[in-house]
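# Architecture at a glance
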Amino acid sequence: MKFRLPRCLRRTNLLALFTAALMIATRGQAEPLPLERAIRLALAHSTSSAIANADVQRAFASYRELRNNYLPQLAIGSGLGWSYGFPLTIEGAAPALGNAVAQSSIFNPAQRQLIKAAKTEWHASEFQDKNQRNALIQDVALTYAELAKWEARLVRLQQDEAQARQMEQAVAERLQEGVDSAVDLNKAKLTAARVRLHRAEARGNADVLRRHLSTLTGLPVSSIEIAPETIPALPPVAAEEDLSERAIASSPAIKFAEQHSLAESMRALAEHRALYPSMDFSAQYARLSTINNYNDYYRKFQPDNATIGLAIRIPLFNASQRARADAAEAEALKAKKQADAARYQVAEETLKLQRAAEQLEAAREVAQLEYQLAQSGLDAAQTRIDAKTGTLHELADARVQAAERYLLFQDANFEYQRVRMNLLRATGDLEKWALPGTASTNPAAK
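Residues numbered from 1 in each chain as written. Predicted model: local features only at pLDDT ≥ 70, side-chain atom pairs only at ≥ 80, totals over all residues. Heavy atoms only, no water.

## Some thoughts on the packing of aromatic side chains
For clarity, the cut-off: Any pair of Phe, Tyr and Trp rings, taking the six-membered ring for Trp, is counted once the centres come within 6.5 Å. Such a pair is stacked with planes under 30 degrees apart, edge-to-face with planes over 60 apart, and tilted for the rest. Per-residue accessibility, obtained with a 1.4 Å probe over protein chains only, is compared with the maximum for each type, and a residue is labelled buried under 20%, exposed over 50%, and partly exposed between these values. Secondary structure elements follow DSSP: runs of H or I of four or more residues count as helices, runs of E of two or more count as strands, with numbering from the N terminus. By definition, being over a ring means that NZ of Lys or CZ of Arg is both within 6 Å of the ring centre and within 35 degrees of the ring normal.
Applying the stated criterion across every chain, the model contains 10 aromatic pairs. Residues Tyr 294 and Phe 301 carry aromatic rings whose centres are separated by 6.0 Å and whose planes lie at 10 degrees to one another, so their mutual orientation is stacked. A residue is classified by how much of its surface remains accessible, and Tyr 294, at 6% relative accessible area, is buried. When the ring of Tyr 371 is compared with that of Tyr 406, the centres are 5.5 Å apart and the planes differ by 55 degrees; the resulting orientation is tilted. Of the two residues, Tyr 371 sits in helix α9 (residues 319-386) while Tyr 406 sits in helix α10 (residues 392-426), which places them 35 residues apart along the sequence. Overall, the relative accessible area of 17% leaves Tyr 371 in the buried class. Pairwise contacts between aromatic rings join Phe 86, Tyr 294, Tyr 297, Tyr 298 and Phe 301 into one cluster. Seen from the ring of Tyr 406, Arg 156 lies directly overhead, with NZ or CZ sitting 4.8 Å from the centre.

Structure representation (structure tokens):
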């Protein structure tokens with residue numbers, strides 16, 4: 001028996017085309033958001049980047065605090081008071097109408113090492129800021145690519161849903177005519193239900209990703225309209241090249257761990273040098289008054305007095321400081337081992353990502369070829385239907401297989417994108433790929 005296409009299928013096709021055209025027209029009213037602009041908005045709006053930048057500023061201020069101890073610290077004040085009997089001190093200073101004090105460090109081996117440690121920590125925080133920047137770029141790029149995946153799936157599933165409905169209606173009519181059985185109708189209903197399930201999943205994931213992209217960029221959810229064609233092409237992975245060495249050389253996490261280890265070593269050395277002699281400069285001027293009985297207890301009184309000199313300290317025995325130095329050495333050893341562990345971890349993860357990218361690239365190619373074969377089978381089934389030589393169930397099976405292969409190809413393609421972006425971040429090429437017009441900044445060069 002030859003298959004005759006019911007009128008309801010033609011009406012459903014027209015409705016699906018009208019709905020798709022309406023969606024395209026509605027989307028055309030919104031301004032597309034390219035990937036590069038989304039990343040730049042996220043970098044300017046992100047709270048995590050602001051926190052990392054604040055850590056850099058704090059580390060720089062700590063470095064300046066220690067360095068400025070070599071500049072004289074000047075303070076003026078007054079110790080006004082009335083004396084009965086011998087003029088006692090007020091908070092450690094002689095009572096005076098006014099006084100000025102200047103102090104600064106001149107020679108302090110421990111202080112010098114602490115300054116070097118603070119400067120090293122400042123540069124380490126810059127690598128931490130770089131690492132946070134890369135993490136944000138990766139988050140935006142992955143969110144953008146996954147949103148593109150689900151939106152493309154929604155368009156395809158809308159067509160599949162319309163076809164599943166019209167197939168269900170056609171099988172129901174054939175059941176009334178006695179051509180098909182109730183089992184065939186249940187199969188058609190199951191196919192339509194699966195399409196609705198996939199569409200609900202795609203819509204939910206797309207809404208969540210769009211909300212996340214809105215949070216990252218600061219744009220309203222309703223104004224986010226992505227442009228998948230703005231995602232740059234991912235460079236191929238060279239199977240013979242070992243990317244672990246490149247990852248170790250460029251990883252901000254490793255550089256932070258190395259700089260932090262160096263800073264801890266400097267702090268340990270500073271604790272040891274706290275047992276060395278040190279020298280400070282000190283000067284003081286005071287304007288004294290007769291109301292404090294100075295002329296009664298001192299042979300000669302004069303109102304203006306000044307002192308200038310050096311304060312020299314020579315430690316002889318300090319067991320607690322030695323213990324503190326030993327504790328600092330232990331912290332330095334711990335930081336060194338953590339830096340070694342970071343290098344091993346980055347090398348291992350990079351090798352895993354490289355091999356996974358190679359496998360997923362091959363899997364993506366397989367999924368693409370399987371989808372193309374399924375689509376060719378669907379076209380052939382449709383051709384036989386048009387020529388009235390095929391059956392309705394052959395067309396339904398071909399559509400189901402093509403739809404399944406399309407979903408598998410999409411999943412394989414995005415999984416490859418995810419792993420490839422992780423590998424780009426590991427080798428330090430992520431920002432160059434996502435923002436090709438931006439020169440990469442090297443914190444170590446500052």
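The rest of the description comes next.
## Regarding helix α7 (residues 252-273)
Defined as follows: To estimate the expected span of a helix, subtract one from its residue number and multiply by 1.5 Å. We call two residues in contact whenever any of their non-hydrogen atoms come within 4.5 Å of each other.
In a regular helix each residue adds 1.5 Å, so 22 residues correspond to 32 Å; α7 covers 31 Å between its end C-alpha atoms and thus fits that length. Buried within α7 are the following residues: Pro 252, Ile 254, Ala 257, Ser 261, Ala 263, Glu 264, Met 266, Ala 268 and Ala 270. The inward-facing, buried residues of α7 contact α4 (109-176), α6 (244-250) and α9.

## Remarks on α10
Here α10 is 35 residues long and its end C-alpha atoms lie 51 Å apart, about the 51 Å a rise of 1.5 Å per residue gives. At the exit of α10 stands Gly 428, carrying a positive phi of roughly 80 degrees.

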